[in-house]
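# Structural features, examined
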Amino acid sequence: MISIHFYLMYFTYAMIAKNSEVLEDFCVVQNNFREISLGILSNQAPGKEISIKIVHPCRFYCIKRADGTSYVSCCFSQISKENQEQFLLELETKWKAEVKRRNGLFYRFKAKIDFSSAAISDLLSRYNFETKERMKIYNEELSRQRKDAETAEKRLREEIAANEEESQRKFFEAFERGEELAIMERRAEIMYEARMFHRKT
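Let us look at the structure shown here. Keep in mind it's a predicted model, so treat the numbers as computed, not measured. (Residues numbered from 1 in each chain as written. Predicted model: local features only at pLDDT ≥ 70, side-chain atom pairs only at ≥ 80, totals over all residues. Heavy atoms only, no water.)

Looking now at the pairing of strand E1 (residues 11-18). Burial of E1 is extensive: 7 of the 8 residues sit out of reach of the surface. Alignment of E1 against strand E5 (residues 69-76), held across 7 bridges, turns out to be antiparallel. Counted as the bridge partner of Ala-17 is Ser-70 from E5. Linking E1 to strand E2 (residues 21-27), which pair antiparallel, is a turn of 2 residues; within it Asn-19 sits at a positive phi near 60°. (Buried < 20%, exposed > 50% of the residue type's maximum accessible area, 1.4 Å probe, protein only. Helix = DSSP H or I, 4+ residues; strand = E, 2+ residues; numbered from the N terminus. Pairing = 2+ DSSP bridges.)

See the structure below:
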(Lines give C-alpha, C1' and ligand atoms only; values in the text may rest on other atoms or scores of the structure.)
Protein backbone atom coordinates (compact mmCIF):
# COMPACT_ATOMS: atom_id res chain seq x y z
CA MET A 1 0.00 0.00 0.00
CA ILE A 2 1.25 3.48 -0.89
CA SER A 3 0.76 6.42 1.41
CA ILE A 4 -1.34 9.22 -0.07
CA HIS A 5 0.45 12.27 1.28
CA PHE A 6 2.19 12.96 -2.05
CA TYR A 7 -0.93 13.82 -4.06
CA LEU A 8 0.00 17.42 -4.45
CA MET A 9 1.98 15.94 -7.36
CA TYR A 10 0.50 14.02 -10.28
CA PHE A 11 3.77 12.48 -11.48
CA THR A 12 5.75 11.17 -8.52
CA TYR A 13 8.50 8.84 -9.70
CA ALA A 14 10.59 7.88 -12.73
CA MET A 15 13.35 5.36 -13.28
CA ILE A 16 15.76 4.27 -15.98
CA ALA A 17 17.12 0.74 -15.61
CA LYS A 18 19.25 -1.70 -17.56
CA ASN A 19 18.00 -5.20 -16.89
CA SER A 20 17.89 -5.24 -13.07
CA GLU A 21 20.33 -2.36 -12.52
CA VAL A 22 18.95 1.07 -11.74
CA LEU A 23 20.83 3.59 -13.86
CA GLU A 24 19.00 6.63 -12.58
CA ASP A 25 15.79 7.45 -10.77
CA PHE A 26 14.09 10.23 -8.87
CA CYS A 27 11.15 10.33 -6.48
CA VAL A 28 9.22 13.44 -5.54
CA VAL A 29 8.63 12.03 -2.05
CA GLN A 30 10.13 9.22 -0.02
CA ASN A 31 8.43 5.95 -0.81
CA ASN A 32 9.06 2.40 -2.02
CA PHE A 33 8.56 3.17 -5.71
CA ARG A 34 11.98 1.81 -6.69
CA GLU A 35 11.26 -1.60 -5.15
CA ILE A 36 7.82 -1.74 -6.76
CA SER A 37 9.25 -0.76 -10.16
CA LEU A 38 12.02 -3.37 -10.00
CA GLY A 39 9.44 -5.96 -8.97
CA ILE A 40 7.32 -5.12 -12.01
CA LEU A 41 10.32 -5.37 -14.32
CA SER A 42 11.43 -8.69 -12.86
CA ASN A 43 7.98 -10.14 -13.47
CA GLN A 44 7.68 -8.74 -16.97
CA ALA A 45 7.32 -11.51 -19.53
CA PRO A 46 10.17 -11.87 -22.04
CA GLY A 47 9.46 -9.91 -25.20
CA LYS A 48 6.72 -7.88 -23.55
CA GLU A 49 7.43 -4.23 -24.15
CA ILE A 50 4.82 -2.53 -21.97
CA SER A 51 3.65 -3.39 -18.47
CA ILE A 52 1.08 -1.49 -16.46
CA LYS A 53 0.31 -2.11 -12.81
CA ILE A 54 -2.11 -0.37 -10.49
CA VAL A 55 -0.94 -0.03 -6.90
CA HIS A 56 -3.84 1.96 -5.53
CA PRO A 57 -4.05 4.83 -5.99
CA CYS A 58 -1.09 4.91 -8.38
CA ARG A 59 -0.36 3.50 -11.81
CA PHE A 60 3.08 2.25 -12.76
CA TYR A 61 3.84 2.31 -16.48
CA CYS A 62 6.89 0.43 -17.76
CA ILE A 63 8.43 0.41 -21.22
CA LYS A 64 11.18 -2.15 -21.83
CA ARG A 65 13.25 -1.95 -25.00
CA ALA A 66 15.00 -4.80 -26.82
CA ASP A 67 18.43 -3.73 -25.51
CA GLY A 68 17.23 -4.30 -21.92
CA THR A 69 16.78 -0.60 -21.10
CA SER A 70 13.58 0.08 -19.19
CA TYR A 71 11.76 3.31 -18.45
CA VAL A 72 9.30 3.42 -15.57
CA SER A 73 7.03 6.13 -14.26
CA CYS A 74 4.52 6.32 -11.43
CA CYS A 75 1.67 8.77 -11.40
CA PHE A 76 -1.78 9.34 -10.01
CA SER A 77 -4.04 6.77 -11.66
CA GLN A 78 -6.45 9.43 -12.94
CA ILE A 79 -3.76 10.72 -15.30
CA SER A 80 -4.35 9.33 -18.79
CA LYS A 81 -2.18 6.46 -19.98
CA GLU A 82 -1.40 8.48 -23.10
CA ASN A 83 0.03 11.30 -21.01
CA GLN A 84 2.05 8.89 -18.90
CA GLU A 85 3.42 7.17 -22.01
CA GLN A 86 4.30 10.55 -23.49
CA PHE A 87 6.31 11.31 -20.35
CA LEU A 88 8.28 8.05 -20.70
CA LEU A 89 8.95 8.59 -24.40
CA GLU A 90 10.32 12.04 -23.64
CA LEU A 91 12.44 10.59 -20.84
CA GLU A 92 13.77 7.98 -23.27
CA THR A 93 14.59 10.67 -25.83
CA LYS A 94 16.54 12.67 -23.28
CA TRP A 95 18.38 9.57 -22.07
CA LYS A 96 19.36 8.46 -25.56
CA ALA A 97 20.55 11.97 -26.40
CA GLU A 98 22.78 11.90 -23.33
CA VAL A 99 24.09 8.42 -24.23
CA LYS A 100 24.91 9.60 -27.73
CA ARG A 101 26.64 12.70 -26.42
CA ARG A 102 28.69 10.73 -23.90
CA ASN A 103 29.61 8.18 -26.52
CA GLY A 104 31.23 10.91 -28.58
CA LEU A 105 34.95 11.15 -29.09
CA PHE A 106 35.63 13.26 -26.01
CA TYR A 107 33.73 10.88 -23.68
CA ARG A 108 34.58 7.54 -25.25
CA PHE A 109 36.55 6.43 -22.18
CA LYS A 110 33.87 7.46 -19.69
CA ALA A 111 32.51 4.34 -17.99
CA LYS A 112 29.14 5.66 -16.83
CA ILE A 113 26.61 7.92 -18.45
CA ASP A 114 26.38 11.10 -16.43
CA PHE A 115 22.62 11.54 -16.54
CA SER A 116 21.77 13.43 -13.38
CA SER A 117 18.61 12.66 -11.43
CA ALA A 118 18.01 16.40 -11.71
CA ALA A 119 17.07 15.81 -15.36
CA ILE A 120 14.32 13.42 -14.22
CA SER A 121 13.31 15.82 -11.48
CA ASP A 122 12.98 18.67 -14.00
CA LEU A 123 10.87 16.51 -16.29
CA LEU A 124 8.60 15.46 -13.42
CA SER A 125 8.23 19.08 -12.35
CA ARG A 126 7.33 20.21 -15.85
CA TYR A 127 4.73 17.50 -16.31
CA ASN A 128 3.27 18.22 -12.89
CA PHE A 129 3.03 21.92 -13.72
CA GLU A 130 1.48 21.28 -17.14
CA THR A 131 -0.96 18.75 -15.70
CA LYS A 132 -1.92 21.17 -12.94
CA GLU A 133 -2.59 23.88 -15.52
CA ARG A 134 -4.70 21.51 -17.64
CA MET A 135 -6.64 20.44 -14.55
CA LYS A 136 -7.16 24.10 -13.64
CA ILE A 137 -8.54 24.87 -17.11
CA TYR A 138 -10.69 21.73 -17.01
CA ASN A 139 -12.10 22.59 -13.57
CA GLU A 140 -12.79 26.17 -14.62
CA GLU A 141 -14.62 24.96 -17.74
CA LEU A 142 -16.54 22.40 -15.69
CA SER A 143 -17.50 25.09 -13.19
CA ARG A 144 -18.66 27.36 -16.02
CA GLN A 145 -20.74 24.58 -17.56
CA ARG A 146 -22.33 23.80 -14.20
CA LYS A 147 -23.11 27.49 -13.67
CA ASP A 148 -24.62 27.74 -17.15
CA ALA A 149 -26.67 24.60 -16.49
CA GLU A 150 -27.90 25.99 -13.17
CA THR A 151 -28.81 29.30 -14.84
CA ALA A 152 -30.66 27.49 -17.63
CA GLU A 153 -32.48 25.30 -15.11
CA LYS A 154 -33.48 28.36 -13.07
CA ARG A 155 -34.72 30.12 -16.19
CA LEU A 156 -36.70 27.02 -17.18
CA ARG A 157 -38.30 26.79 -13.71
CA GLU A 158 -39.23 30.47 -13.92
CA GLU A 159 -40.75 30.00 -17.38
CA ILE A 160 -42.72 26.96 -16.19
CA ALA A 161 -43.98 28.88 -13.15
CA ALA A 162 -44.93 31.85 -15.34
CA ASN A 163 -46.75 29.58 -17.80
CA GLU A 164 -48.62 27.89 -14.96
CA GLU A 165 -49.59 31.25 -13.52
CA GLU A 166 -50.77 32.46 -16.94
CA SER A 167 -52.72 29.24 -17.48
CA GLN A 168 -54.41 29.63 -14.11
CA ARG A 169 -55.26 33.27 -14.84
CA LYS A 170 -56.81 32.36 -18.19
CA PHE A 171 -58.69 29.49 -16.60
CA PHE A 172 -60.23 31.69 -13.92
CA GLU A 173 -61.04 34.40 -16.47
CA ALA A 174 -62.77 31.80 -18.63
CA PHE A 175 -64.52 30.45 -15.56
CA GLU A 176 -65.72 33.91 -14.62
CA ARG A 177 -66.88 34.56 -18.18
CA GLY A 178 -68.67 31.22 -18.10
CA GLU A 179 -70.48 32.16 -14.90
CA GLU A 180 -71.51 35.52 -16.32
CA LEU A 181 -72.73 33.84 -19.50
CA ALA A 182 -74.73 31.31 -17.48
CA ILE A 183 -76.32 34.10 -15.42
CA MET A 184 -77.22 36.03 -18.56
CA GLU A 185 -78.68 32.91 -20.14
CA ARG A 186 -80.69 32.21 -16.99
CA ARG A 187 -81.99 35.79 -16.90
CA ALA A 188 -83.01 35.51 -20.55
CA GLU A 189 -84.87 32.31 -19.79
CA ILE A 190 -86.68 33.93 -16.86
CA MET A 191 -87.65 36.94 -18.95
CA TYR A 192 -88.87 34.68 -21.74
CA GLU A 193 -90.90 32.58 -19.29
CA ALA A 194 -92.35 35.75 -17.77
CA ARG A 195 -93.45 37.08 -21.16
CA MET A 196 -95.03 33.76 -22.04
CA PHE A 197 -96.87 33.74 -18.70
CA HIS A 198 -98.25 37.24 -19.25
CA ARG A 199 -99.44 36.32 -22.74
CA LYS A 200 -101.35 33.34 -21.38
CA THR A 201 -102.99 35.47 -18.74
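In total, this model carries 5 aromatic pairs according to the counting rule given. Relative to Phe-33, the ring of Tyr-13 has its centre 5.8 Å away and its plane inclined at 35°; by these criteria the two rings are tilted. Of this pair, Tyr-13 sits in strand E1 while Phe-33 is found in helix H1 (residues 33-42), placing the two residues 20 residues apart along the sequence. Pair check on accessibility: Tyr-13 and Phe-33 agree, each one buried. A centroid spacing of 5.9 Å and a plane angle of 55° characterise the contact between Phe-33 and Phe-60, whose relative ring orientation is tilted. In this pair, Phe-33 sits in helix H1 while Phe-60 sits in strand E4 (residues 58-64), placing the two residues 27 residues apart along the sequence. Neither residue differs from the other here; Phe-33 and Phe-60 are each classed as buried. These aromatic residues form a ring-pair network of at least three members: Phe-11, Phe-87 and Tyr-127. (Phe/Tyr/Trp six-rings, centres within 6.5 Å; stacked < 30°, edge-to-face > 60°.)

With that out of the way, let us pick up the pattern of salt bridges. Enumeration according to the criterion identifies 10 salt bridges in this entry. Measuring nitrogen to oxygen at the nearest pair gives 3.1 Å for the salt bridge that ties Arg-126 to Glu-130. Residue Arg-126 and its partner Glu-130 are both found in helix H3 (residues 117-200); the two are separated by 4 residues, about one turn of the helix. What you see here is one network of salt bridges that share partners, running through Glu-49, Arg-65, Glu-92 and Lys-96. (Salt bridge = Lys/Arg side-chain N within 4 Å of Asp/Glu carboxyl O.)

The next subject is the sheet that holds E1. If you trace the 5 strands from one edge of the open sheet to the other, you get E2-E1-E5-E4-E3, paired in antiparallel fashion. The open sheet is flanked by E2 and strand E3 (50-55), the only strands paired with a single partner. Pairwise comparison of adjacent strand axes, ignoring direction, gives a mean angle of 15° for this sheet. Pairing of E1 with E2, which is carried by 6 bridges, proceeds in the antiparallel orientation. Its bridge partner being in E2, Ala-14 is matched across the sheet by Phe-26. In the packing of H1 onto the sheet, contacts are made with E1, E2, E3, E4 and E5, and the angle to E1 comes to roughly 50°. Docked against the sheet, helix H2 (residues 81-102) engages E1, E2, E3, E4 and E5, running at close to 140° with respect to E5. (Axes fitted to C-alpha atoms, helices over the stretch in contact; angles between N-to-C directions. Contact = heavy atoms within 4.5 Å.)

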